[in-house]
Amino acid sequence: MNHPCLSCGACCAHFRVAFHWSETESFLGGSVPAELTEKLDPHRVAMRGTQARQPRCVALRGRVGEVVHCDIYARRPSPCAALAPAWEHGEPSPQCDRARAAHGLPPLTPDTWIDPDGETPLPRSA
Ligand code: SF4
Ligand code: SF4
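The protein chain carries the name Ferredoxin in an unreviewed UniProt entry, which gives Mizugakiibacter sediminis as its organism.

Take helix α2 (residues 94-102) next. Every buried residue belonging to α2 is among Cys96, Ala99 and Arg100, and all of these are buried. Summarising the axial view, the buried residues of α2 lie within an arc of 95 degrees, below the 170-degree limit, and thus occupy one face. Along α2, exposed side chains directed more than 90 degrees from the buried face belong to Pro94 and Ala101.

A few words now on the site of ligand 1. Around ligand 1, a shell composed of Cys5, Cys8, Gly9, Ala10, Cys11, Leu83, Pro85, Cys96, Arg100 and Leu108 is seen. Classifying every residue of the shell around ligand 1 by side-chain character gives eight nonpolar, one polar and one charged.

Let us look at the side chain of Thr24. Tracing the backbone shows Thr24 in the loop between β1 (18-20) and β2 (37-39). Setting aside residues no more than four positions away along its own chain, Thr24 makes contact with Phe19, Gly30, Val32, Ala34, Thr37 and Val45.

Pairing between strand β4 (residues 60-63) and strand β5 (residues 67-70): four bridges, direction antiparallel. Bridge pairing in β5 places Leu60 opposite Cys70.

All residues in the neighbourhood of ligand 2 are listed as Cys12, Val17, Met47, Cys57, Ala59, Leu60, Cys70, Ile72, Pro77 and Cys80. Of the residues contributing to the shell around ligand 2, the split by class is ten nonpolar, no polar and no charged.

Turning our attention to the pattern of salt bridges. The full count for this structure, using the stated rule, is three salt bridges. For Asp41, the salt bridge identified is with Arg44, shortest N-O distance 2.9 Å.

Below, the discussion takes up the sheet that holds strand β3 (residues 44-47). Pairing is antiparallel in the open sheet, where three strands are placed in the order β1-β3-β2. Strand pairing shows two members of the sheet lacking a second neighbour, β1 and β2, which therefore form its edges. Across the sheet, the mean angle from the axis of one strand to that of its neighbour is 40 degrees, orientation sign disregarded.

Attention now moves to the environment of Val67. With respect to the element layout, Val67 can be found in strand β5. You can call Val67 exposed: its relative accessible area is 60%. Considered as a pair, Val67 and Lys39 are 28 residues apart in the sequence and their alpha carbons are 29 Å apart. Once you skip the residues sitting within four places of it in the chain, Val67 turns out to touch Leu6, Arg61 and Gly62.

Let's shift gears to unusual backbone geometry. Not every positive phi belongs to a glycine, and Trp87 is a case in point at roughly 70 degrees. Residue position: Trp87 is located in the loop between α1 (78-82) and α2.

Note on placement: Ala86 falls in the loop between α1 and α2. Note: C-alpha distance between Ala86 and Leu60 (26 residues apart in sequence) is 20 Å. Residues in contact with Ala86, not counting those within four places in the same chain, are Glu91, Pro92, Ser93, Cys96, Asp97, Leu108 and Trp113.

What counts, and where the lines are drawn
Residues numbered from 1 in each chain as written. Chains lettered and ligands numbered in written order. Predicted model: local features only at pLDDT ≥ 70, side-chain atom pairs only at ≥ 80, totals over all residues. Heavy atoms only, no water. Buried < 20%, exposed > 50% of the residue type's maximum accessible area, 1.4 Å probe, protein only. Helix = DSSP H or I, 4+ residues; strand = E, 2+ residues; numbered from the N terminus. Arc of directions from axis to C-beta. Near = heavy atom within 4 Å. Nonpolar A, V, L, I, M, F, W, Y, C, P; charged D, E, K, R; others polar. Contact = heavy atoms within 4.5 Å. Pairing = 2+ DSSP bridges. Salt bridge = Lys/Arg side-chain N within 4 Å of Asp/Glu carboxyl O. Axes fitted to C-alpha atoms, helices over the stretch in contact; angles between N-to-C directions.

Right, here's the structure in full:
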C-alpha cells in the first residue's frame, strides 16, 4: 500500500509555505535549498511558487491527486514536516482536509490507513 500523500500533493499546491530563513543556512543547521526559496520578510522565506494566486511549490513533482513526490523530501522545511495527513496517527487534520477539498479530493478517513492486505502504508519518501 502506497502512502496516501504519494497520490495527493494537495497541501503542496494550496498553502503558502513560509518559515524562518535559518532553515536554509547550513551553518545554522538548516538544509532547505536556498535557491528554491524567496524572501518573504526580514525573518522569513517562502518556498518558491507557494505565494502565487494558485500556489504550487517548486519542489513538487507530478500531478496533484494522481502521482506526486517532493523533490527535497529529506530537506523539506518545518511546515511541511509538521503538516500531518488526516488520521495517519489517529488525529484529524483540518489543513489536510482543506487542501484536499480545494483540489476536489475527498478527505482522508481512519479507514484510509487500513490496508486490506494488512500492510502498513509505505513511508512518504518511498
Ligand atoms: S498531508 Fe494531506 S493534503 Fe498533504 S499530501 Fe498528504 S494527504 Fe495530501
Ligand atoms: S517542500 Fe516538498 S513537502 Fe514542502 S510544499 Fe514543497 S513539495 Fe510539498
